[in-house]
Amino acid sequence: MSEEIDKEIGLDEEVVESASLKARPEDKRRLSWYYAPSFLLLWLALFFAIVIPLFNRLPDRITIAEEPARLGEFVAERAERLLYEFERIGPKVVGSQANEVETVAFLLNEVEKIRKELRNELYELDIDVQLSTGGFLLSSMLNMYQGVQNVIVKLSAKNSQRESYLLINSHFDSKPGSPGSGDDGTMVVVMLEVLRQMATSDTPFENGVIFLFNGAEENALQGAHGFITQHKWAANCKALINLEVGGSGGRDLLFQSGPNNPWLMKYYRQYAKHPFATTLAEETWQAGIIPSDTDFRIFRDYGNVPGLDIAQAYNGYVYHTAFDTLKVIPGRSIQNTGNNILALARAYANASEFYETEESDDSHAVFFDFLGLFFVYYTENTGIILNCCIGVISLVLVGCSLWRMSRQSEVSVGQISLWFLIVLGLHVVGALLCFCLPLLMAVLFDAGDRSLTYFTSNWLVFGLYVFPAIIGLVLPLTLYYTLRPNDKLGHAYLIQMSLHAHFVVLAGLILILTVVGIRSQYLCLISLIFYGGALLLNLLSTLHDRGYYWSVIVILLQVFPFCYFCYLFYMVLVVFFPITGRNGIGSNPDLIIALLCAFCTYFALGYVAQFINVFRWPKLILLGLGMVTFIFCMIAVSEVGFPYRAETNVMRVTFMQTNRIFYDYDGTVSHSDSGYYFVYQDRRGLNPLEDSGVNLTGLVSMEPDCDKYVMCGAPCFYFCGGVRNAGWLPRKVVSPGEINLELLEKTILVTDNKVRFEFELTGPPHMNIFIQPVGYANVTNWSFERKLLDDQDTFKPPYFIFFSYGKDDSPLKFYIELAKSDGDFSIPILELGVVGHFVSYDFKRDAEAEQFLENLPNYVHAMEWPSIFKGYIF
């Protein structure tokens, strides 16, 4: 009996052992931990070997000598020569001699040269210099202009009867202190060369083309508004190509399209020589995340003109600085943009959609280029169908996989599903940690006054944000697999479950984003297609159930989405790295970079990172990544992490040398002072200047003045939302000019309990008016935009008017009418502030300001000018 029992026990032990070996035969084939660095470095190598070269790929530059053999093609060398002449003019601020006289003359001269080469038997070329005066609401500011100039050229075919035009726009004015060779000189010379090629070739076109060189974009988009609301050719503009530059060089990015009219994207897909576009950029821009704006908005809102918004965005460090010069603009970059714009101009100039408007599609488009190799485009409605189908198919594939695991492991489907739900929950925790750990790093560095360490040394983001994101993504499942080993289910199946969890999260996310209407859900679609394809292949073959062999298909197919997501988010980071240096002091810019790195990690490495658990001792691997992060932190707080470098990665300092005079109700001066008004451009404020020995003794916040004077007594230029965060440094200032506000007449309307003030304002080409009713008085009427008064829920005092002029320096006359219930107008009822900005170099800076500028470190770019603030009480 005992022998039989022993045999039975021995048999049972053999069965258990056999089952155990059957369940986990692949455990012995887990790779040693020291292979993990090579595995991770492989993906880093793919990034540098594939993504970076394709991102920076540009066409060869065509020279003038090569032109006879390449007739009809864009010639970058000629455009570069024009850009050299454009740059020599210097900064081109509205109202300056350089902008209103020299640049306009330059443009007219170049157009006349083209007219001499014109194919007169084929084309007509008309030129108009527009002086426009008007105004419009821009955010909470009334934006007024007077006599700003646009140079407009119309090219049309003599044998065409169509009166619809393609509008191509760029601007020739620049920010103070910048020659504007990149922004927007590059696009100005591209337009001139495109005009020349179209005017001198025999390539036919049906629709006319209007080339708008507008002279007041940097003045809050005034030139575009003047054209689209007033010019005789504006009403016939049916499509737009708006050309901008947010940096200096690189490829031209299509970052906005429409609104609606997806046919525009069809043409872009078909005719753009070097496509570079993404719906993600469009939705990011339209959400207002990037602190900027373009003329595209004006043409869309005031002219209902659909189109493309295209910009070079590489090397934004020199954007709006003195270093935005020809020497940092690659000729191949100009060639890239020229090839695209010339091809698109010719295509749109023959588009039948200009007059067949009834066939236009009112839906949005989803679009992106894949590594610059090809362009993908489909309508939003098509995307909804794709997303729903792929999302549901993804869930079905996961269900099939879990069923196969159950069959092969002899474990119930219910038990398998329970384990998968645990894995799914832990993956969700890992996804949260993937975002939270990089954000925590950003908060800690900001708390230690070490923000912007990546500003010049961009590679620091790998250690500061990417590696913590990987750790957070993998850690929960690593702990689960090591602390709670599963003897009933093979480790290879558990790894598949972790990948399935990421798959399911993305499937759920794409369905949610589709319902919300966010078109950037195509990122989820790409990820689902490639992993779903790998899973389908593994299910149809025997690889799904043969240990880790399934991973070969998964890893091979993951190369494609990995490269795309790295390409996409690298583009976004290239745009945002420089933006963090001009995003103001009020928010932590490291949070933006950390968040972008977390998104990139989650999409690019969401599947790949889970393979860390294929290696033995995965906790040791994660510890190693943590040690690398620590080393990067030590590097970041050293001199390597100092954000700024001379000429290439500058610290931006914006200040106005200001005289302030405040008048009391009786006309006497109640207070006057002078100093430098600082607008802090980045998170570090002026701390680097103090550390380098610049004398900032007496620097105080503007906030205390906010309780004393209208608009805090701040000579803000436009968009004055950050005045409370601004600084005031008392200094002696000698103004190069004056601003005068004259009260022409005060009329009391006794029967209506109202009073009317009439004023005349004279001063420099850029002026502000701040209007604040006092006490129980309220503004009932004025000579400005009525909407500011009618919509009191949106617009509240102090009211802000920005006024500038170009060629026409006539005084600004206006009236303000106020009402007061008791009819007592013998006491103060109105506070006015007026500011004069002497922006251009036509106005000299005083000796003390010149010395202050001389004492700034060489890594500083100063945007500065004299100003006067005068406050009145009536």
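Rules used throughout
Residues numbered from 1 in each chain as written. Predicted model: local features only at pLDDT ≥ 70, side-chain atom pairs only at ≥ 80, totals over all residues. Heavy atoms only, no water. Salt bridge = Lys/Arg side-chain N within 4 Å of Asp/Glu carboxyl O. Helix = DSSP H or I, 4+ residues; strand = E, 2+ residues; numbered from the N terminus. Buried < 20%, exposed > 50% of the residue type's maximum accessible area, 1.4 Å probe, protein only. Core = buried A, V, L, I, M, F, W, Y, C linked by side-chain atoms within 4.5 Å.

## Here we look at the pattern of salt bridges
- Taken as a whole, this structure holds 33 salt bridges when the rule is applied.
- Between E80 and R61 there is a salt bridge; the shortest N-O distance is 2.4 Å. With E80 in helix 3 (residues 76-88) and R61 in the loop between helix 2 (36-55) and helix 3, this residue pair connects regions lying 19 residues apart in the sequence.
- Here D369 ties to R251 by a salt bridge, and the two come within 3.8 Å at their closest N and O atoms. Placement of D369 in strand 8 (residues 365-370) and of R251 in the loop between strand 5 (237-245) and strand 6 (252-258) is noted, with a sequence separation of 118 residues between them.
- If you follow the salt bridges from partner to partner, you end up with E67, R78, E117, E193 and R196 in one network.

## Thoughts on unusual backbone geometry
- Residue D183 is joined to D184 through a cis peptide bond whose omega torsion reads 10°.
- Within the secondary structure, D184 is located in helix 5 (residues 181-200).
- With omega at 0°, the peptide bond leading from P797 into P798 counts as cis.
- With respect to the helices and strands, the residue P798 is situated in the loop between helix 20 (787-790) and strand 18 (799-805).
- The phi dihedral of M711 is positive, around 50°, even though this residue is not glycine.
- For M711, the location among the structural elements is in the loop between strand 12 (700-701) and strand 13 (727-730).
- For M711, a relative accessible area of 14% translates into the label buried.
- Phi is positive for C712, close to 65°, though the residue is something other than glycine.
- Relative to the elements of secondary structure, C712 occurs in the loop between strand 12 and strand 13.
- Looking at C712, the relative accessible area reads 6%, which means it is buried.

## Notes on the nonpolar core
- Core analysis: the largest hydrophobic core is formed by 143 residues, its most contacted members being Y465, M497, Y522 and Y564.
- Among the elements that make up this core, the one with the highest residue count is helix 16 (residues 550-579) (18 residues).
- Counting residues in each nonpolar core, the second largest holds 67 residues, with F106, L125, A349 and Y377 among its members.

So yeah, pure geometry; function would need other evidence.
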